[in-house]
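Remarks on the overall topology
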Amino acid sequence: MFWEILKGPDGIDRHLQWQSRVEGALNTSMTVTQYLGTGSQSKGRMTITRQLNTFVQTAPYLHNDFDKEAVIRGIDNIRTVLNSIPGLTFVSPPANVTTAEFVNSMPATAAKRRANHWLGTARIGTDDGRNGGNAVVDLDTKVYGTDNLFVVDGSIFPGQTTGNPSAAIVIAAEHAAARILALKAPTATKASRRWSLF
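On a predicted model such as this, the values are computed, not experimentally measured, just so you know.

Attention shifts here to unusual backbone geometry. The phi torsion of most residues other than glycine is negative, and most of the peptide bonds are trans. Cis geometry is found at the peptide bond from serine 92 to proline 93, where omega equals -5 degrees. With respect to the helices and strands, proline 93 occurs in the loop between helix H1 (65-82) and helix H2 (99-105). Despite not being glycine, threonine 141 shows a phi value in the positive range, around 70 degrees. Tracing the backbone shows threonine 141 in the loop between H2 and helix H3 (166-182).

Printed below as a string of structure tokens:
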């Protein structure tokens, strides 16, 4: 596991996290996975229906040209470093395909992505995003400007975790549940008025 920070032409630092694992019965194959985390400007859109179900309208993957440039540059950097290893063969992307061609051919839809660890799109913090800050939820995981809407998943993380985020999400959920249960319930009139918006 390693990290790389790339400054984009827009002046934003984008953090890449890399993980690797040996796979296959003969232990002769290695998968190296890249995650674009902190600094990503690509945003998706998720909708909550009246029945409180959610669905992804737009996947939040590489909608920003500078995000895509960082992903390409990161893969190029890895290819450059690993090309000096004798007997190493790249399976994906193959040697005859440029990194840009490879990245541009990848599906950007949620259902077709190989790995999805989307983090930081509804950041937790005290700097209310409605007032120029970066946070979507407060320290109780309540969405700023709402009475009864809480977010408890990987999207509240302010940055990339150092491994698969599943355990960190469970830990955050346990703490969030305690904080949510300790909150004073909104008044019935105010709550019903809020829920009628759905």
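Moving on to the packing of aromatic side chains. Applying the stated criterion to the full structure yields one aromatic pair. The residue whose ring lies beneath arginine 79 is phenylalanine 90, and the NZ or CZ to ring-centre distance is 5.8 Å.

For soluble globular proteins, the rule of thumb is that nonpolar side chains tend to be buried together. With 13 residues, the main nonpolar core has Trp18, Leu62, Val71, Ile75, Phe102 and Val103 as its most contacted residues. Breaking this core down by element, the ones donating at least two residues are strand E2 (13-23), H1 and H2. Element by element, the count of residues in this core is highest for H1, at five residues. If sequence neighbours within four positions are ignored, leucine 62 has contacts with Leu36, Ser42, Asp67, Lys68, Val71 and Val103.

So, on to the sheet that holds strand E1 (residues 2-7). Spatially, E1-E2-E3 is the arrangement adopted by the three strands of the open sheet, whose pairing is antiparallel. Strand pairing shows two members of the sheet lacking a second neighbour, E1 and strand E3 (29-36), which therefore form its edges. With direction set aside, neighbouring strand axes in the sheet form an average angle of 25 degrees. The pairing of E1 with E2 spans six bridges and is antiparallel. The partner of lysine 7 across the bridge, within E2, is aspartate 13.

Summed over all chains, the structure comprises six salt bridges. Put simply, aspartate 140 and arginine 179 hold a salt bridge, and the shortest N to O gap is 2.9 Å. Highlighted residues: aspartate 140 in the loop between H2 and H3 and arginine 179 in helix H3, separated in sequence by 39 residues. With relative accessibility at 18%, the residue aspartate 140 sits in the buried group. By relative accessible area, arginine 179 is classed as partly exposed at 41%. Put simply, Asp10, Arg14 and Asp67 are held in one network by salt bridges that share partners.

What counts, and where the lines are drawn
- Residues numbered from 1 in each chain as written.
- Predicted model: local features only at pLDDT ≥ 70, side-chain atom pairs only at ≥ 80, totals over all residues.
- Heavy atoms only, no water.
- Helix = DSSP H or I, 4+ residues; strand = E, 2+ residues; numbered from the N terminus.
- Phe/Tyr/Trp six-rings, centres within 6.5 Å; stacked < 30°, edge-to-face > 60°.
- Lys NZ or Arg CZ within 6 Å of the ring centre and 35° of its normal.
- Core = buried A, V, L, I, M, F, W, Y, C linked by side-chain atoms within 4.5 Å.
- Buried < 20%, exposed > 50% of the residue type's maximum accessible area, 1.4 Å probe, protein only.
- Contact = heavy atoms within 4.5 Å.
- Pairing = 2+ DSSP bridges.
- Axes fitted to C-alpha atoms, helices over the stretch in contact; angles between N-to-C directions.
- Salt bridge = Lys/Arg side-chain N within 4 Å of Asp/Glu carboxyl O.

Read these as geometric descriptors, not functional statements.
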